[in-house]
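So you can see what is in the structure, the chains are spelled out below.
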Amino acid sequence: MSPFLVLLCLVLLPVPAAASAASQAAAAPRAAPTPRIQLSAQEAGKGGTLTVTGSGWRPGTLLTLLICGQNMIGGTNACANGDGRAVTTGPDGSFRKDLPVAEPPKPCPCVVHAATVTGAPATADVPFTVAGHPVAPLPRAETGGRLSVLAPPRLEGSSGLLTWFGAPAQRRLVVTVGNVGATPAEDPVFEVGTSHGVFAPQWEERQWQGTVPAGRKQRIELPVELPAGAHGDYLVSLKYGGKVLAEQPWGVGRPWGVTLFWILLCVVVPAAVFRIGMAVVDRVRPRPGAARTKGRPWGRAVLPRAPRRAAAAGRHRGARAPAPRTAEPAPADGDAAAPLPWFTPDTAPSASTAPPTDPPTSKGSP
């Protein structure tokens, strides 16, 4: 009996271990199947019908079926959205749907794109050729994320006293952007442009230090500066990746301090020149009492000479010329206020009037 018992034990020992392994495998969750689709044809022309079969999707899930160009690099903008179809998966996660063949807005290579509408996102793409549709090389893949503006931009900051005198006006352009791409945008480089009137914007690069994760939004501040003395209505533009994201008007006041400076300059400079000229004139003009010419002091009046014709007539007649009037004494050399020797009409000498003569003397008189 002992050999038989030993053999029986050896046969029955692996049974619990096998049962334990089977129970663990049953308890482990089953891996979720991968969503996939299959096409009834790999090529069809516009106006035809294509049958799409899917499996591995979640049960009772709503899906959309689209024909897209450029391998759907640009998102649904590259798809024929107007000719798409919607389908709901069955209990086993499978479906079957007829899709009309349409030309997408972008050239091929094309794909048939299936994506969930509700619940956890899931997609599947299968290459497909639209007969007669243009084919072009795929565009270069974008790097650095795809940013879009989520809120209207605004300008923050104020002008100081120096701006009133023509200093450059400065502001901060604040904008909230979101990354709608699949990759994060690290240290994105923006272009900020300012334009005045009908002139084109003057673009300057501004790098923002930071990272905008994919599917997230971020508040970004960029400095904006105008030229010295700028005033009027300006337009501030923000560009990223060659696309203008936002525009914000900016009204800049006139620097009245510069106008005031020029007004004061036009008043002060002529006044200073006038004062300097008066000082020079006062410096070089002769002083009272100084000799005007050699032998004739300045300020001494010059008496008028007697008419030569009257004196000659008196000598010819043998008469004695009247004594000239005694002129008023000339003022002293230092007296600048002495009056000039003016004559009145009754005392002024006349050349036409003969000087008075002495009465004739009798004979024998001395």
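Residues numbered from 1 in each chain as written. Predicted model: local features only at pLDDT ≥ 70, side-chain atom pairs only at ≥ 80, totals over all residues. Heavy atoms only, no water.

**Section: the overall build of the chain**
A count of helices and strands for the chain gives five helices and 20 strands. Here the chain holds 366 residues, and the buried ones make up 24% of them. For the chain, the share of sequence-separated contacts (at least 6 apart) that also reach a separation of at least 24 residues comes to 66%. (Helix = DSSP H or I, 4+ residues; strand = E, 2+ residues; numbered from the N terminus. Buried < 20%, exposed > 50% of the residue type's maximum accessible area, 1.4 Å probe, protein only. Contact = heavy atoms within 4.5 Å.)

**Notes on the pairing of strand S3 (residues 49-55)**
Of the pairings in the sheet, the one linking strand S1 (residues 36-39) to S3 comprises four bridges and is antiparallel in character. When the sheet's bridge partners are listed, Arg 36 is paired in S3 with Ser 55. Here S3 pairs with strand S6 (residues 95-100) via six bridges, running antiparallel. Looking at the pairing, Thr 49 lines up with Pro 100 of S6. (Pairing = 2+ DSSP bridges.)

**So, the pattern of salt bridges**
Summed over the entire model, instances satisfying the criterion amount to seven salt bridges. A salt bridge links Glu 156 to Arg 154; its shortest N-O distance comes to 3.1 Å. Here Arg 219 makes a salt bridge to Glu 221, at a shortest N to O gap of 2.5 Å. Here Arg 219 falls in the partly exposed class, since its relative accessible area comes to 38%. Salt bridges linked by common partners bring Arg 154, Glu 156, Arg 172, Arg 219 and Glu 221 together as one network. (Salt bridge = Lys/Arg side-chain N within 4 Å of Asp/Glu carboxyl O.)

**Observations regarding the sheet that holds strand S17 (residues 232-240)**
Sheet architecture is open: four strands sit in the order S14-S13-S17-S18, paired in antiparallel fashion. The two strands at the open ends of the sheet, each matched to only one other strand, are strand S14 (202-207) and strand S18 (243-252). When strand polarity is set aside, the average angle formed by the axes of neighbouring strands in this sheet is 25°. Inspection of the sheet shows strand S13 (residues 189-196) paired to S14 by six bridges, in the antiparallel sense. Paired with Phe 190 across the strands is Arg 206, a residue of S14. (Axes fitted to C-alpha atoms, helices over the stretch in contact; angles between N-to-C directions.)

**Let's talk about the sheet that holds strand S2 (residues 43-45)**
Spatial ordering of the open sheet is given by S2-S8-S7-S4-S5, a layout of five strands whose pairing is mixed. Pairing within the sheet leaves two strands with one partner each, and these edge strands are S2 and strand S5 (85-88). Between one strand axis and the next, the sheet turns by 35° as a mean value, whatever way the strands run. The sheet contact formed by strand S7 (residues 110-116) and strand S8 (residues 123-131) spans six bridges and is antiparallel. From the neighbouring strand, Val 112 faces S8, where its bridge partner is Val 126.

**What to know about the pairing of S13**
Hairpin connection of S13 to S14: five residues between the antiparallel strands, including Gly 197 at a positive phi of 70°. As paired elements, S13 and S17 share six bridges and run antiparallel to each other. Bridge pairing in S17 links Gly 193 to Ser 237.

**Quick notes on the packing of aromatic side chains**
With the rule as written, the count across this model stands at three aromatic pairs. Each ring, one from Phe 261 and one from Trp 262, has its centre 5.7 Å from the other, and the planes form 70°; the classification is edge-to-face. Of the residues examined, Phe 261 reaches a relative accessible area of 48% and is grouped as partly exposed. The lysine or arginine in question, Lys 239, covers the ring of Trp 203, its NZ or CZ lying 4.1 Å from the ring centre. (Phe/Tyr/Trp six-rings, centres within 6.5 Å; stacked < 30°, edge-to-face > 60°. Lys NZ or Arg CZ within 6 Å of the ring centre and 35° of its normal.)

**A closer look at the state of the cysteines**
Enumeration according to the criterion identifies two disulfides in this entry. Linked covalently through their sulfurs, Cys 68 and Cys 79 form a disulfide whose S-S length is 1.8 Å. Around the S-S axis, the bridge from Cys 68 to Cys 79 shows a dihedral of about 95° and counts as right-handed. Here Cys 68, found in strand S4 (residues 62-68), pairs with Cys 79, found in the loop between S4 and S5; they are eleven residues apart in sequence, far enough to count as distant. No difference in accessibility class separates Cys 68 from Cys 79, as the two residues are buried. Disulfide pairing is shown between Cys 108 and Cys 110; the S-S distance is 2.0 Å. (Disulfide = S-S within 2.5 Å.)

**So, the confidence of the model for the chain**
Close reading of the predicted structure is inappropriate where its pLDDT is low. Considering every residue of the chain, the mean pLDDT works out to 77; 69% of them sit at 70 or more. Within the model, pLDDT remains below 50 along residues 11-22, and this stretch shows zero contacts once partners closer than five positions in the same chain are excluded. A low-confidence stretch, residues 25-29 stays under pLDDT 50, and its non-local contacts, those more than four residues away or across chains, total zero contacts. (pLDDT = per-residue confidence, 0-100.)

**Some remarks on the environment of Arg 154**
Structurally, the position occupied by Arg 154 is in strand S10 (residues 154-156). Judged by relative accessible area, Arg 154 falls into the partly exposed class, the value being 39%. For the pair Arg 154 and Val 174, spaced 20 residues apart in sequence, the C-alpha separation works out to 5.5 Å. With residues up to four places along the chain from it excluded, the contact list for Arg 154 reads Arg 172, Leu 173, Val 174, Arg 219 and Gln 248.

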